[in-house]
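Topology and contacts: notes
One letter stands for each residue in the lines below.
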Amino acid sequence: MKGWMGKFRVLFILGSTALVLSGCGLENLTALDPKGYGAQVSLDLIILSIVIMVFVFLVVMVIYTFVFFRFRQKKGQEDVIPKQVEGNKVLEVIWTVIPIILLLILAVPTVTATFDLAEGQPEGSDLLNVNVTGNQYWWNFSYDDLDVQTSQDLYIPTGERVYIDMKSSDVIHSFWLPSISGKMDVNPENENTMFIEAQEEGVYWGKCAELCGPSHSLMDFRVVAVSPDEFDQWVTDMKNVDPEAEPETASAQEGKQLFSDKGCISCHALGSSPTAIGPNLTSFGSRTKFAGILDPTKENLVDWIMDPESIKPGNKMTGNYKEVTEEEASKIADYLLQLEPSEITPEDAESE
Ligand code: HEC
Ligand SMILES: [Cu+2]
């Protein structure tokens with residue numbers, strides 16, 4: 001029973017898989033729609049290599065088809081053995097040299113771009129420098145020159161290079177920001193550098209791209225690119241924040257008290273003090289997502305505080321949180337959600 005479908009089954013499966021896969025991918029998580037210098041360089045290299053590959057494929061297919069028809073067995077000549085040719089210096093040289101040339105055309109721009117994009121901050125440059133720390137399973141961003149600390153959302157000004165020094169506090173992670181730049185390993189032993197440069201304002205998605213534990217796939221971060229003026233305002237607001245400030249509502253005030261009574265403060269820093277074990281929560285109220293993947297709603301936050309393990313298996317938020325009742329968690333959530341030192345929040349934070 002080999003019908004039309006049977007014969008073309010493989011083609012059908014491959015075709016529909018391609019169709020389904022073409023629906024994958026996020027607008028802000030792709031090098032195919034570049035919004036930054038490094039992403040543009042990557043896309044150019046992708047196009048260059050596809051052009052070369054298609055060229056090689058076409059040439060091989062043309063020769064193949066020609067040979068297939070020209071030299072196949074013909075009716076009435078079943079017993080004829082054609083002249084056997086072995087070795088042809090000119091041809092051998094041609095098909096050795098052409099691939100070498102093609103590989104050089106691929107390799108030279110690729111290697112150049114790889115070194116170019118990994119450039120660290122030049123001595124004496126006054127451009128922004130951010131120290132990125134990868135942790136199981138969250139990201140810390142420290143603007144040492146500005147005395148500003150933040151986590152999960154990295155704010156940068158558009159139109160200029162931001163130099164990134166990255167290191168891991170535990171295992172190997174990888175900082176991958178396809179819409180703006182590329183990907184770089186985040187190692188525990190040595191510092192790797194790269195720069196990012198966003199050409200357009202927006203919220204861009206980043207991911208850890210090195211399997212680092214059970215919640216690796218949930219280790220997302222976002223880059224919030226705002227205009228240089230807005231960025232300066234954001235920095236000023238972040239610096240002016242008073243971690244001791246009393247919240248307005250009674251519930252948030254109780255939440256603030258609980259936040260220290262329950263020991264949350266022992267792992268989570270506020271203000272510009274360097275983060276200890278968990279994310280810095282200074283600007284928690286303006287997170288585009290928290291814990292990498294959750295929408296910043298009160299409901300999600302209460303769920304997280306009550307049982308982070310069920311949301312992100314193996315994460316390092318352990319200890320006192322288990323003793324928090326739902327009512328207490330709700331008050332803490334009220335407190336955390338109003339921690340919003342800056343009005344500067346991305347307009348399209350919801351866009352995915
Ligand atoms: C033992 C240290 C530790 C304690 C104690 C702790 N946390 Fe955490 N917390 C963490 C770590 C580590 C993470 C990052 C988890 C991840 O995403 O992998 C985290 C993440 C969070 C986040 C998400 C932050 C973000 O922006 O992504 C919130 C909110 C939070 N904790 C609130 C609390 C509250 C409230 C308490 C007290 C009830 C508390 N934490 C106690 C270590 C701790
Ligand atoms: Cu990872």
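Residues numbered from 1 in each chain as written. Chains lettered and ligands numbered in written order. Predicted model: local features only at pLDDT ≥ 70, side-chain atom pairs only at ≥ 80, totals over all residues. Heavy atoms only, no water.

Here we look at the pattern of salt bridges
Taken as a whole, this structure holds eleven salt bridges when the rule is applied. Among the ionic pairs, Lys289 bridges to Asp295, the shortest N-O distance being 2.9 Å. Since its relative accessible area comes to 10%, Lys289 is described here as buried. A relative accessible area of 38% places Asp295 in the partly exposed class. Residues joined in a network through salt bridges with shared partners are Glu119, Arg161 and Glu197. (Salt bridge = Lys/Arg side-chain N within 4 Å of Asp/Glu carboxyl O. Buried < 20%, exposed > 50% of the residue type's maximum accessible area, 1.4 Å probe, protein only.)

Thoughts on the coordination of the copper ion (ligand 2)
Within the first shell, the copper ion (ligand 2) binds the protein through Cys208 (SG), Glu210 (O), Cys212 (SG) and His216 (ND1), at distances of 2.1 to 2.7 Å. Viewed at the metal, the four donor atoms of the copper ion (ligand 2) are separated by angles of 78 to 136 degrees, and the geometry they form is irregular. In primary sequence terms, the donor set of the copper ion (ligand 2) follows C-x1-E-x1-C-x3-H. (Donors = N, O, S within 2.8 Å, 3.2 Å for Na, K, Ca; no water. Tetrahedral: all angles 85-135°; square planar, octahedral: opposite > 155°, others 65-115°.)

Quick notes on the coordination of the iron atom of ligand 1
Around the iron atom of ligand 1, the protein contributes the donor atoms His268 (NE2) and Met317 (SD), which lie 1.9 to 2.2 Å from the metal centre. Taken together, the six donor atoms coordinating the iron atom of ligand 1 and their angles of 85 to 177 degrees define a geometry best described as octahedral. Remark: Met317 occurs in the loop between helix H8 (308-311) and helix H9 (326-337) and His268 occurs in the loop between helix H6 (250-261) and helix H7 (298-306); sequence separation between them is 49 residues. The exposure class of His268 is buried, given its relative accessible area of 12%. (Helix = DSSP H or I, 4+ residues; strand = E, 2+ residues; numbered from the N terminus.)

Things to note about the site of ligand 1
Close contacts around ligand 1 come from 26 residues, with Cys264, Cys267, His268, Arg287 and Met317 the closest. Here a nitrogen atom of ligand 1 and a side-chain polar atom of Trp304 are 3.4 Å apart. Partitioned by chemical class, the residues of the shell around ligand 1 number 17 nonpolar, six polar and three charged. (Near = heavy atom within 4 Å. Polar contact = N/O pair within 3.5 Å; in protein donor to acceptor, adjacent residues only side chain to side chain. Nonpolar A, V, L, I, M, F, W, Y, C, P; charged D, E, K, R; others polar.)

Some remarks on the sheet that holds strand E4 (residues 153-157)
Sheet architecture is open: five strands sit in the order E4-E10-E9-E6-E7, paired in mixed fashion. Since the sheet does not close on itself, it has two edges, and those belong to E4 and strand E7 (183-186), each with one partner. With direction set aside, neighbouring strand axes in the sheet form an average angle of 25 degrees. With six bridges joining them, strand E9 (residues 202-208) and strand E10 (residues 220-226) adopt antiparallel strand pairing. When the bridges of E10 are listed, Trp205 appears paired with Arg222. Each of E4 and E10 is contacted by helix H5 (residues 228-239), which is oriented at about 130 degrees to E4, the strand it contacts most. (Pairing = 2+ DSSP bridges. Axes fitted to C-alpha atoms, helices over the stretch in contact; angles between N-to-C directions. Contact = heavy atoms within 4.5 Å.)

Quick notes on the pairing of strand E1 (residues 129-135)
In terms of burial, E1 is a largely internal element, six of the seven residues being buried. Relative to strand E5 (residues 162-168), E1 is paired through six bridges, and the arrangement is parallel. Residue pairing in the sheet places Gly134 in a bridge with Ser168 of E5. Examined bridge by bridge, E1 and strand E2 (residues 138-143) share five bridges and lie antiparallel to one another. Bridge pairing links Gly134 to Trp139 in E2. Taking the residues between adjacent antiparallel strands as the criterion, E1 and E2 are bridged by two residues.

Here we look at the side chain of Lys35
Checked against the element boundaries, Lys35 lands in the loop between helix H2 (9-21) and helix H3 (37-70). Among the polar contacts made by the side chain of Lys35, one reaches the side chain of Asp33 at a distance of 3.5 Å. The contact partners of Lys35, leaving out residues within four places of it in the chain, are Ser179, Glu197, Ala198, Gln199, Glu200 and Tyr204.

Comments concerning the sheet that holds E2
Taken in spatial order, the five strands make up an open sheet running E3-E2-E1-E5-E8, and their pairing is mixed. The sheet is open, and its two borders are formed by strand E3 (148-151) and strand E8 (192-196), each paired with just one other strand. With strand direction ignored, the average angle separating the axes of adjacent strands in the sheet is 25 degrees. Of the strands in this sheet, E2 and E3 are in contact with H5, which crosses E3 at around 100 degrees.

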